[in-house]
Amino acid sequence: MIYRCFLDEFLVSEPMGLDALTDTLSRNAAEKGITYTIDVELQFTDDGYDYLIERLNRDGFTRTVSLRIEQSEQDGSSWFYFFEGIIFLTHVRFYEKIGAASAKIVDNSYFAK
């Protein structure tokens, strides 16, 4: 499968860690139902790192960045929604020497709410 990632609707190169996506089904007592969430920590390089460091320098640690992942099972000619998450800039670890940023993604999809 092929993935493409968007940070605040800006297409960035594929981050490392997409192969470690884990999905979880859990019982939600407050909602009296089952919750389906996806958890992952991704490492952004190149244009993804540039975008995150720019947002940090411009807006500060109190902001969030939206993440959307689309998936293609073919040759990349058709894409469909796969995951939607939030990156809290306070939780991003920036590695300036190697130009990388690691971030724990918070599931923001319909089923995680």
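Scroll up for the structure.
Residues numbered from 1 in each chain as written. Predicted model: local features only at pLDDT ≥ 70, side-chain atom pairs only at ≥ 80, totals over all residues. Heavy atoms only, no water.

Considering the pairing of strand β4 (residues 33-45)
Phase 1: Where strand β3 (residues 22-28) meets β4, seven bridges bridge the pair, whose relative direction is antiparallel. Of the residues in β4, the one forming a bridge with Asp 23 is Ile 38.
Phase 2: Between β3 and β4, which pair antiparallel and follow one another directly, the connecting turn spans four residues, one of which, Lys 32, has a positive phi of 55°.
Phase 3: Bridge count for β4 against strand β8 (residues 100-107) is six bridges, and the pairing is antiparallel. From the neighbouring strand, Thr 45 faces β8, where its bridge partner is Ala 100. (Pairing = 2+ DSSP bridges. Helix = DSSP H or I, 4+ residues; strand = E, 2+ residues; numbered from the N terminus.)

A word on unusual backbone geometry
Phase 1: Of note in this structure, Glu 9 is not a glycine but carries a positive phi near 70°.
Phase 2: Its place among the elements puts Glu 9 in the loop between β1 (2-7) and β2 (10-12).
Phase 3: At Asp 46, a position not held by glycine, the phi torsion is positive, near 50°.
Phase 4: Turning to its location among the elements, Asp 46 is positioned in helix α1 (residues 46-59).

Here's the deal with α1
Two residues of an α-helix separated by three or four positions point the same way, owing to the 3.6 residues in each turn.
Phase 1: If you check α1, its first and last C-alpha atoms are 20 Å apart, about what 14 residues at 1.5 Å a residue would give, namely 20 Å.
Phase 2: For α1, the full list of buried residues reads Gly 48, Tyr 49, Tyr 51, Leu 52, Ile 53, Arg 55 and Leu 56.
Phase 3: Buried positions along α1 lie against β1, β2, β4, β5 (64-72), β7 (93-95) and β8. (Expected span 1.5 Å × (residues − 1). Buried < 20%, exposed > 50% of the residue type's maximum accessible area, 1.4 Å probe, protein only. Contact = heavy atoms within 4.5 Å.)

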